[in-house]
Amino acid sequence: METTGTTSTKRGKEATTGTLDAAIDGVDEAVVICDRTATVQSVHGTARQLVPEIAPGDDIAQSPLAPLARPERQTRQHRLRHNGLDLSAKSKPLRDGGFACYVTETASAPWTGRRRAEFLGEATKLLNASLRVERVIRTAVQLPVPRLAAACCYAAIAPDGSARWWNWYPTGQRGEEVTTGEWDSATVSGMGWLSASTLAEPRAFEPWPGDIDGILDDILPAEAPRPGALLAVPVRAVSGVVGVLLFIRTTGQAPFDEDETDVLREFANRAATAIGSATLYQYQAHTAAILKSGLVPAPLPHPADISLGAAYRCAHEADRIGGDYYEVTETTEGLGFLLGDVCGKGAEAAVLTGLVRQSIHALRRVQPCPVQLLRLLNDVLMETIPEKFTTLILGRAERNSAGGLDLELASGGHPCPLILHRDGTVTDVVLRGMFVGALRQAVFDSVALTLAPGETLLLYSDGVTEARRGVLNGEMFGEERLRDLLAECAGLPAEATAARLEQAIGDWLGGNRHDDIAILALQPRLSRPEEGR
Amino acid sequence: MSSASETRAVSSLLHHLERADDVGAVAFSRTLVAEGRDTESLLLDVIAPAHVKIGRLWQDNDWSVAQEHAATCTSERLLSALVPASPAYRTAAKRGSVLVACVEGEWHGLPARLLADVLRLRGWEVTFLGANVPEGALTNYAQGSDYDAVALSCSLPLRLPKAGAMIEACHSIDLPVIAGGAGFGPDSRWARPLGAEGWATSGRGAATALESLGTAHATPAPAPHSRDEYVNLLQRREDAIRIGLHRLTEHHHLSLTTGRLNRDHMVEILSHLFDSLAVSLYVGETTLFMRFLHWVRAMLAARHVPFATVLEAMTAYATLLYDYPATVATLRQARAELTE
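Calculation notes
- Residues numbered from 1 in each chain as written.
- Chains lettered and ligands numbered in written order.
- Predicted model: local features only at pLDDT ≥ 70, side-chain atom pairs only at ≥ 80, totals over all residues.
- Heavy atoms only, no water.
- Helix = DSSP H or I, 4+ residues; strand = E, 2+ residues; numbered from the N terminus.
- Rg over C-alpha atoms; globule rule 2.2 N^0.38 Å.
- Buried < 20%, exposed > 50% of the residue type's maximum accessible area, 1.4 Å probe, protein only.
- Contact = heavy atoms within 4.5 Å.
- Areas by Shrake-Rupley, 256 points an atom, 1.4 Å probe, with all protein chains shown as cover.
- Expected span 1.5 Å × (residues − 1).
- Core = buried A, V, L, I, M, F, W, Y, C linked by side-chain atoms within 4.5 Å.
- Phe/Tyr/Trp six-rings, centres within 6.5 Å; stacked < 30°, edge-to-face > 60°.
- Lys NZ or Arg CZ within 6 Å of the ring centre and 35° of its normal.
- Axes fitted to C-alpha atoms, helices over the stretch in contact; angles between N-to-C directions.
- Parallel < 35°, antiparallel > 145°, perpendicular 65-115°, else oblique.
- Nonpolar A, V, L, I, M, F, W, Y, C, P; charged D, E, K, R; others polar.
- Salt bridge = Lys/Arg side-chain N within 4 Å of Asp/Glu carboxyl O.
- pLDDT = per-residue confidence, 0-100.
- Left-handed = near helix turned anticlockwise from the far one by under 90°.
- Pairing = 2+ DSSP bridges.
- Lys, Arg positive; Asp, Glu negative; His and termini not counted.

Looking at an unreviewed UniProt entry, one finds chain B named Cobalamin B12-binding domain-containing protein and attributed to Salinactinospora qingdaonensis.

As recorded by an unreviewed UniProt entry, chain A carries the name PP2C family protein-serine/threonine phosphatase and is attributed to Salinactinospora qingdaonensis.

It is worth spelling out the overall build of chain B at this point. From N to C terminus, chain B includes 16 helices and 5 strands. Against the 2.2 N^0.38 benchmark of 20 Å for 340 residues, chain B shows a C-alpha radius of gyration of 22 Å, consistent with a compact globule. With respect to the three principal axes, the spread of C-alpha positions in chain B is 65 × 45 × 35 Å. Here chain B holds 340 residues, and 55% of them are scored as buried. Restricting to contacts in chain B with at least 6 residues of sequence separation, those with at least 24 account for 74%. Taken as a whole, chain B presents about 14,400 Å² of accessible surface, with 54% of it coming from carbon and sulfur.

Attention now moves to helix α15 (residues 308–320) of chain B. Given a rise of 1.5 Å per residue, 13 residues ought to cover 18 Å, and the 18 Å separating the end C-alpha atoms of α15(B) matches this to within 8%. Buried within α15(B) we find B:Thr309, B:Val310, B:Leu311, B:Glu312, B:Ala313, B:Met314, B:Ala316, B:Tyr317 and B:Leu320.

Take the nonpolar core next. All names here are of chain B. Membership of the largest hydrophobic core comes to 67 residues, with the highest contact counts inside it found for Leu138, Leu273, Leu293, Val310, Met314 and Tyr317. Setting aside residues up to four positions removed in sequence, leucine 273 forms contacts with Phe289, Phe292, Leu293, Val310, Ala313, Met314 and Tyr317. Core analysis: the next-biggest nonpolar cluster, separate from the first, contains 44 residues, Leu78, Leu110, Ala116 and Ala206 among them.

With that settled, consider the packing of aromatic side chains. For any pair of aromatic rings, the description consists of the separation of the ring centres together with the inter-plane angle of the planes. Applying the stated criterion across every chain yields a total of 12 aromatic pairs over all chains. Consider the rings of A:Trp111 and A:Phe119, whose centres lie 5.5 Å apart with planes at 80°: the pair is edge-to-face. Each member of the pair, A:Trp111 together with A:Phe119, is buried. Judged by centre distance (5.4 Å) and plane angle (80°), the ring pair of A:Phe477 and A:Trp508 falls under edge-to-face. Taken as a pair, A:Phe477 in the loop between α10 (462–465) and α11 (478–487) and A:Trp508 in helix α12 (residues 494–509) lie far apart in primary sequence, 31 residues in all. Residue classification places A:Trp508 among the buried positions, given a relative accessible area of 8%. One aromatic cluster is present, built from ring pairs that chain together A:Trp111, A:Phe119, A:Phe247 and A:Phe267. If you follow B:Arg227 out to its NZ or CZ, it ends over the ring of B:Tyr282, 3.9 Å from the centre.

All names here are of chain B. One can describe the packing of helix α3 (residues 39–59) onto helix α4 (residues 65–82) by two numbers: an axis separation of 10 Å at closest approach and a directional angle of 170°. By the angle between their axes, α3 is roughly antiparallel relative to α4. Note on element contacts: α4 touches α3 through Val65, Glu68, Ala71, Thr72, Ser75, Leu78, Leu79 and Leu82, opposite Leu42, Leu43, Ile47, His51, Ile54, Gly55 and Trp58. Class assignment for the residues of the contact of α3 with α4 results in 10 nonpolar, 4 polar and 1 charged.

The subject of this paragraph is helix α6 (residues 110–121) of chain B. All names here are of chain B. For α6, with 12 residues, the first-to-last C-alpha span of 16 Å sits near the 16 Å given by 1.5 Å per residue. Considered for burial, the residues of α6 that qualify are Leu110, Ala112, Arg113, Leu114, Leu115, Ala116, Asp117, Val118, Leu119, Arg120 and Leu121. Glycine 123, located one to two residues past α6, shows a positive phi value of around 100°.

Take the interface of chain A and chain B next. Accessible area lost on assembly of the parts is the figure often given for the size of an interface. Taken together, the 35 residues of chain A in the interface contact 38 residues of chain B. Linking chain A to chain B there are 4 salt bridges. Between A:Arg469 and B:Asp264 there is a salt bridge, with its nearest N and O atoms 3.5 Å apart. Partitioned by chemical class, the residues of the side of chain A that touches chain B number 12 nonpolar, 5 polar and 18 charged.

Take the confidence of the model for chain B next. For chain B, mean pLDDT is 89; residues scoring 70 or higher make up 95% of the total. Here the predicted complex scores 0.75 on pTM and 0.87 on ipTM.

All names here are of chain B. Two elements in contact, helix α11 (residues 237–250) and α15, have axes whose closest approach is 9 Å; the angle formed by their N-to-C orientations is 130°. In terms of their interaxial angle, α11 and α15 are classed as oblique. Handedness of the crossing formed by α11 with α15: right-handed. Across from Asp239, Ala240, Ile241, Ile243, Gly244, Arg247 and Leu248 in α11, the residues of α15 making contact are Thr309, Glu312, Ala313, Thr315, Ala316, Tyr317 and Leu320. Looking at side-chain class alone, the contact of α11 with α15 contains 8 nonpolar, 3 polar and 3 charged residues.

Turning our attention to the sheet that holds strand β2 (residues 125–130) of chain B. All names here are of chain B. The parallel open sheet is built from 5 strands, whose spatial order is β2-β1-β3-β4-β5. Each having just a single partner strand, β2 and β5 (198–200) make up the two edges of the open sheet. Averaged over all pairs of adjacent strands, the angle between their axes in this sheet comes to 20°, without regard to strand direction. The pairing of strand β1 (residues 97–102) with β2 spans 5 bridges and is parallel. Bridge pairing links serine 97 to glutamate 125 in β2. Packed on one face of the sheet, helix α7 (residues 135–143) meets β1, β2 and β3 (149–153) and runs near 170° to β1.

All names here are of chain A. Mapping aspartate 86 onto the fold places it in strand β4 (residues 85–93). A relative accessible area of 27% means that aspartate 86 is categorised as partly exposed. Residues in contact with aspartate 86, not counting those within four places in the same chain, are Leu80, Arg81, Thr104, Glu105 and Thr106.

All names here are of chain A. Spatially, the 5 strands line up as an open sheet ordered β13-β14-β15-β16-β19, and their pairing is antiparallel. This sheet does not close on itself; its edge strands, each paired only once, are β13 (324–331) and β19 (445–451). Across the sheet, the axes of successive neighbouring strands diverge by a mean angle of 15°, strand direction being ignored. Note that strand β15 (residues 390–399) and strand β16 (residues 405–412) share 8 bridges and pair antiparallel. By the bridge assignment for β16, leucine 394 is matched with alanine 410. Contacting β13, β14 (334–342) and β15, helix α8 (residues 346–364) runs over the sheet at an angle of about 20° to β13.

Another aspect to go through is the side chain of B:Glu229. Residue and element names in this part refer to chain B. Within the secondary structure, glutamate 229 sits in helix α10 (residues 226–233). Despite its burial, glutamate 229 pairs with no opposite charge; the closest candidate is arginine 236, at 10 Å N-O. In contact with glutamate 229, other than residues within four places in its own chain, are Leu281, Tyr324, Pro325, Ala326 and Thr327.

Spelled out as C-alpha cells, the structure:
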C-alpha cells in the first residue's frame, strides 16, 4: 500500500513541521529563515518585536538585516542599530542552500543619560511635527514600540466617563495602522488603572483578572502573546489628567524598571504638551475659520445681464483677511456694489469691514441711493467707532434698453474709478468726497453715468497703485501703468480683466510685501459672445 | 478616440476660446460627451492640449496676454458647467481628501484646476486654492482640516525654490506632496530631489500617483553643491538687474535695437534671466538655464527683438558676478552653446 504509506509519512512530516514552527516561535531570539536566493521563507520568535518590517517573500538584502545576506563559513556577530534597538545578529547556512538569521537584543544600556536624552529628543521632534490631534496621538503610541514596550495604548477620557482609545501593536504585516475605538463608561469604570481621578503617578501592575479582560482584544489580538508587565502613566494637560498611556509588555518580557518608568513618565509629559497644543490649535483654528468666513469677500453673484470680475490679496496673506473689501449684491433696485478700504491692517481692520458691509446691507433696505447711503453709514460709524474710518465707493447698476448699464456712483475719499472704453481708451470717473466715518459734517460726491456695451468699470484700492516693485528700490506701480494695463484689456470679459490685473501686479511685486489689494470689474454682459469683437 | 478626431476637437475648442465664447464652448463640449467622450478625456485630451497650444500662440506673438486670460476664463466657465454635471462626479467611489494649489508666484492656475476636476471626477474630495498660493496660506489652510495629501502645481521652473520650501512646509505638518506641472521639468525630474512623494507630468499621472501614495514621507535629495552659491547669489539680484539695465539703456547700438522694448519690459527680461540662472544653480543643472534661453530667444524673435539684448545682459552678469564660480561657468557654457 504505497499510496497510504506515502500519505501517512506526509501527514507525520506536516505535524513535525507544525510542531517545530511552534517550538521555534517560543524562543527568545528572532529567527528569519531564507532560501538560496536570500528570499525570506518564514519568521519566528521575537522577529515581530525586533525586526517587524521583515515578512515572508522579502529580499533579505533589501531589509534591515542586509549584512546577513551572505552567510560566511565563520559565523560572525553583526552589531546593528535598528528602530532604536541595539541588535546582535548572525546568520548560518542551512543544508538546502538557504540560511537562517538569528537576532537578539544586545543587553542594552540602562534608560539613563544619553540613551534617555536621544529617545526623548526624537519623541519631542516627531510629536511636534503635526498640529492635528489625531496624528499626534498616532505618533505618540508608535514611538515607545518596540524599544520600551510591545504595545502602547492611549485612552482619552471623555467628560461622560467613556474613553476613545488608540492602540499600536505591530505584527510586521504590511500597511499596519494604529487601531482605534471607544470604551463605554462601564468598561472604563471597571478598570482601576484608567480612572483619572485616582491615577496621579505612573502605576505598574500585573494583568489582574477583570482589570484588562474587557479590553484585551483591543490591545493584544487573540493570537498575540498574553500580556505580562503593564504600566499606566497619566497624561496631564493644564486642565488636569486628559488621558492615560498604557505600555504593554508580553509574558516573558522583563517588568518595567525604575529608569524605564522614569523615561516613560517624561515621554507622557511631552506627549501631553503636544496633544494639548494640537487640541488648543484645532479649537482656535475652528473658531478663527468661523469668524473669518464672514470677513473674506463673498463669492460674486452671477447676474444675467452684468459680467463681474474681482481680485483680492491681503497684506497678511496667511490670514486671508484684511482692510480692503468689496461686495456685490443683487437687489430689487438693481445690482448694488461696493469697494472700500478701512484704516488699519489685519484682523482688526477686517472686523471693521464686517461692520461696514453689514451696515450697508441693512441700510440699503431703506435707502437705495448711493450718496444717501454714504451719509447714513457716516452717521453709523461716527456713533459706533468714532476713531475709525473708511474710504469707499458705493454703486448701483441697472441694465438699460440699449444693452448698457445705467450707473449711480458715490465716493467717500476713495481712488477714482476708471472706465475702459471699447477702443482701449481709459477715462477717470471724477469723484471727490471725504473719508466715511471721520467727520460728522462730511461731504460726499456722486455721479450718474452710462456704461455702453463693451465698456468696463474698474474699482480698485490704493494697494494696486502703491504696489512696490521687487527690484530697483521698490518703484511704485502707479496710476499710469494701471491705465496702460487696463487699456490692453479692451474687449475682455470682466473676470479676465480682473485676473490680468491681479497677475500683472503680482509679477510687479515679485514676492515683495504689499498692502491689501482689491479689484472689482463690472461690465454689461454681451447678449451674444461675438458682439464684443 | 483617434488622434485625428482629437486634433479636430482641440482646434474646434480653440476657435471658441479665441472668441471667449463660453456658450459655444459648452455646447461643443456637450456634443463631444454625447458622442461618447468621457469628461476626464475631455479635460485632459481636449481642453489641456488647447491651452498648451495657446501658450505657444502667445510665445509666437499671435495671441496677446489678454487673449490668453480671456481663454482661461472661458475654460474655467466651461469646467464649472461640465464637471458637476458629469455622472462620474456623483457616482465615483469616495476616496480621500486633497488640497490642490499652485506654488506661490505661479499664475498659471488652469493646469491645477484641471487636476482638481479630474480628481473630483475620480471621487476625491478636493479643495482648490487656485493660482499663486502663499506658503503661509497653504499651511494655514492645510492645518484646518484632515487632508490626505497636497497636490502642488508649478508651471515655470523659476518657482522651484518656492516649491521646495512649500514641500518642506507640508512635510512639517505631516502631509505628503504630489508635484506636477511643466515647472518640475521634463519627466518631473526636479520633483523628487525637492522631496515630493509623488510626481507626474499629466493629469492622469498625477491622479495615479495620488492613488498609490504610501504613508512614508520622502526625504529631499542632498542639495547640489551649487545650492550654497545660489543662496549667496540672491544677495546680488538687485545689483545685477540695475547694472544690466544700465548696460542695455546706455549702449547706443542696443537702445536702437531694443526700441520696441520699454524699460519695464527690460527689467522683466533681466529679472527672469537672473532668476533662471539662480534656479539652475538651485537645482544644480545648466539645462534649466539653457531651456529658458531657448524659450526666450523664440519669444523675442516673434516680437522682433534681437537676442543680442539677452547676450549683452549675460555679459554684464558675468562681469559683475566674476567671483561666483558656478554662475560664471553656467554663463560661459550657455554662451558657447548658443553661439555654436
